[in-house]
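So you can see what is in the structure, the chains are spelled out below.
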Amino acid sequence: MNPGDRVRVERGGTTNEGVVLPSSTTDHIVLKLDGGYNIGIDREAASVDVLETDVHDIDDDGEPDDGAVSEIEFGDDRPTISLISTGGTIASTVDYRTGAVTAQFTAEDVLRAVPELAGRANYRGRVVANILSENMEPSIWQELATAVYEEIEAGADGVVVMHGTDTMQYSAAALSFMLDTPVPIVFTGSQRSADRPSSDNVMNAVSAVEAAKSDCAEVLLCMHASASDDRCALHRGTRVRKNHTSRRDAFETVGNKPLATIEYETARDDGADGDAADDAIAFNREYAARGETDLALSDDLNPAVELVKFTPGMDPAAWDYLDDAEGVIIEGTGLGHIHTELIPRVEELVDNGTVVAMTSQCLEGRVCDRVYDTGRDLLDAGIVEAGDTLPGTAKVKLMWALANVGNPTEAMGRSLAGELTEESQPWQ
């Protein structure tokens, strides 16, 4: 039995047929099933029948070679796009020891895994981290912002950041505050790994590269706009939220349409010759244009910020750990409320120098603590209203404001990177 052979494997009363792939361990047989999925089978007590030999040639990444792999060639007339990898499902494979998805591919591996990227741009690959996104840290945001800055300074016409989806909205928000950019910076990821037939990695990667070639010089997040493979959405990095655990269209611009959409068929076909598929991208409102802003990096962060959620019946002692925090974001109810017994705790924090800002648990609308007595008491206690800023974005913003702004309390009440609207109007 060799990679490329078609085999039937019986073990524990279960029979599977497929093409043998290379395995990272001698303890497992890895099969590519007819439906497209890869599975790992423990060799112990497994019975293997070779049905056909050399059914497929197997390329370097362990996939059947059907001739679709393209070489990445340099072209003088193509824009330069930097691919920066932090890990995540878009750059992942299956660990056949555990059956779990693990992040272990580099940016160059993505180019090999997504041959549809060939010809669209000249690429530079760079790995900042190789982690699952739940392990993201503010220190890695700083490394990432520095890497993006260096790539743009070195002449990149756009940057695509490959990132796990669970915390991608936080990282996109962080770079929105840390960088002034003259070119697009586009975060993208994948809800489903490349070994699954329903994977969204190819469409998201292609659309992200086209967005990075566009005229929109903002920090963006590019993911599926619907459950179908028809278009991707471009969201502002400070206004986006992951609203579903597993759907491919998990991300939404809360309270409004996304900044833009990309028709995938047009982007795929028109962008393949290296020209930007401008006709594939439809913007819903104004954006910062390419070249209007000078490149600048302000990467200082103060990580001593906590995000706390108020719930009815919570023990006030649950907030005792906030004593050492330099900033606190509260997810209040409705217009921005907490139990009246917690208001003295807020006043104590403010008196000790902690910046305390209020956001809402509601998905839409803005905080207004001038309507009810509780809100007015919170204002008297020194809390600052964060408007319609999303709670996660508010936490990242306060980390940045504490390290870079003379009056972070005042800064939390105004827009720094498009994160809040300063009047009661639809989100932009």
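Scroll up to find the structure this text is about.
Residues numbered from 1 in each chain as written. Predicted model: local features only at pLDDT ≥ 70, side-chain atom pairs only at ≥ 80, totals over all residues. Heavy atoms only, no water.

Novice: Please provide a residue-by-residue account of the sheet that holds strand 17 (residues 260-263), values included.
Specialist: Taken in spatial order, the eight strands make up an open sheet running 9-6-10-12-13-14-17-18, and their pairing is mixed. If you trace the sheet from one side to the other, it starts and ends with strand 9 (122-127) and strand 18 (281-283), each paired once. Here the average twist between neighbouring strands, direction ignored, is 25 degrees. The pairing of strand 13 (residues 219-224) with strand 14 (residues 231-236) spans five bridges and is antiparallel. Looking at the pairing, methionine 223 lines up with alanine 233 of strand 14. (Pairing = 2+ DSSP bridges. Helix = DSSP H or I, 4+ residues; strand = E, 2+ residues; numbered from the N terminus. Axes fitted to C-alpha atoms, helices over the stretch in contact; angles between N-to-C directions.)

Novice: Just give me the short version of the pattern of salt bridges, but keep the residues and values in it.
Specialist: One pass over the structure, following the stated rule, counts 17 salt bridges. Of the charged contacts, one joins arginine 236 and glutamate 218 as a salt bridge, the two residues approaching to 2.7 Å between their closest N and O atoms. Linking arginine 236 in strand 14 with glutamate 218 in the loop between helix 4 (201-212) and strand 13, this pair joins segments that are 18 residues apart in sequence. Taking the relative accessible area as the measure of exposure, glutamate 218 reaches 12% and is therefore buried. Of the charged contacts, one joins glutamate 348 and arginine 345 as a salt bridge, the two residues approaching to 3.4 Å between their closest N and O atoms. (Salt bridge = Lys/Arg side-chain N within 4 Å of Asp/Glu carboxyl O. Buried < 20%, exposed > 50% of the residue type's maximum accessible area, 1.4 Å probe, protein only.)

Novice: Please provide a residue-by-residue account of the packing of helix 6 (residues 343-351) against helix 7 (residues 373-381), values included.
Specialist: Contact pair helix 6 / helix 7: the axes reach a minimum separation of 8 Å and the direction vectors enclose 20 degrees. Relative to helix 7, the element helix 6 lies roughly parallel. Classified by chirality, the crossing of helix 7 by helix 6 is right-handed. Across the interface between the two elements, Ile343, Val346, Glu347 and Val350 from helix 6 touch Thr374, Asp377, Leu378 and Ala381 from helix 7. (Parallel < 35°, antiparallel > 145°, perpendicular 65-115°, else oblique. Left-handed = near helix turned anticlockwise from the far one by under 90°. Contact = heavy atoms within 4.5 Å.)

Novice: Residues and numbers for a negative patch on the surface, please.
Specialist: There is a patch of like negative charges on the surface, built from Asp215, Asp270, Asp278, Asp279 and Glu292. For aspartate 278, the location among the structural elements is in the loop between helix 5 (264-270) and strand 18. On the accessibility criterion, aspartate 278 (51% relative accessible area) is exposed. (Patch = residues over 30% accessible without salt bridge, like charges linked within 9 Å, V, L, I, M, F, W, Y side chains within 5 Å. Areas by Shrake-Rupley, 256 points an atom, 1.4 Å probe, with all protein chains shown as cover. Lys, Arg positive; Asp, Glu negative; His and termini not counted. Charge placed at Lys NZ, Arg CZ, Asp CG, Glu CD.)

Novice: Summarise helix 7; cite the residues concerned and give the values.
Specialist: Those residues of helix 7 that sit buried are Thr374, Gly375, Leu378 and Ala381. The arc enclosing the buried residues of helix 7, seen along the axis, measures out at 115 degrees, which places them on a common side. When the buried face of helix 7 is taken as reference, the exposed residues oriented beyond 90 degrees from it are Asp373 and Asp380. At its buried positions, helix 7 is contacted by helix 6 and strand 22 (355-360). Of the residues one or two after helix 7, glycine 382 is the one with positive phi, at around 105 degrees. (Arc of directions from axis to C-beta.)

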